[in-house]
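Below, each chain spelled out in residue letters.
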Amino acid sequence: MENNKMVNEPAKEEKSSKWKSLVKKFGIGGIIFFTVKGIITSTLIYFLGKNFWTVISNYFTALFE
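Residues numbered from 1 in each chain as written. Predicted model: local features only at pLDDT ≥ 70, side-chain atom pairs only at ≥ 80, totals over all residues. Heavy atoms only, no water.

This part takes up the overall build of the protein. What the protein contains, in helices and strands, is two helices and zero strands. For the protein, the proportion of its 65 residues judged to be buried stands at 2%. For the protein, the accessible surface area stands at approximately 6,500 Å², while carbon and sulfur atoms represent 67% of it. (Helix = DSSP H or I, 4+ residues; strand = E, 2+ residues; numbered from the N terminus. Buried < 20%, exposed > 50% of the residue type's maximum accessible area, 1.4 Å probe, protein only. Areas by Shrake-Rupley, 256 points an atom, 1.4 Å probe, with all protein chains shown as cover.)

Printed below as a string of structure tokens:
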């Protein structure tokens, strides 16, 4: 029994957290870049989606006048 526990315990220690694996893969600069990129993209989608139908209707109204 003790042998099985000793064999299984290091496997649990080797499993790293999600954040550690992301930092290892992308680095600190990459994580900052993707975070800022996500914030900018979300902001653009929000404001463009909010005004999308207004812009489209104004475009077609001006086009057919």
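Structure's up, so let's keep going.
Glancing now at the packing of aromatic side chains. What the rule picks out here adds up to five aromatic pairs. Judged by centre distance (5.4 Å) and plane angle (65 degrees), the rings of Phe 26 and Phe 34 are edge-to-face. Note on Phe 26: relative accessible area 40%, which makes it partly exposed. Phe 34 gets classed as partly exposed once you look at its relative accessible area, which sits at 41%. For the ring pair Tyr 46 and Phe 47, a centre distance of 5.0 Å and an interplane angle of 75 degrees mean the geometry is edge-to-face. Residue Phe 47 is classed as partly exposed on the basis of its relative accessible area, which comes to 44%. (Phe/Tyr/Trp six-rings, centres within 6.5 Å; stacked < 30°, edge-to-face > 60°.)

What follows covers a nonpolar patch on the surface. Where nonpolar side chains cluster on the molecular surface, the patch consists of Val 23, Ile 28, Ile 32, Val 36, Ile 40, Leu 44 and Leu 48 and spans about 650 Å² of accessible area. Note on placement: Ile 28 falls in helix α2 (residues 18-64). (Patch = residues over 30% accessible without salt bridge, like charges linked within 9 Å, V, L, I, M, F, W, Y side chains within 5 Å. Salt bridge = Lys/Arg side-chain N within 4 Å of Asp/Glu carboxyl O.)

With 47 residues, α2 should cover 69 Å at 1.5 Å per step; its first-to-last C-alpha distance of 54 Å lies more than 12% under that length. Largest kink in α2: about 95 degrees, centred on Gly 27. Structurally, the start of α2 carries an N-cap: the backbone nitrogen of Lys 20 is 3.3 Å from a side-chain oxygen of Ser 17. (Expected span 1.5 Å × (residues − 1). Bend = angle between axes of the 7 residues up to and from the residue. Polar contact = N/O pair within 3.5 Å; in protein donor to acceptor, adjacent residues only side chain to side chain.)

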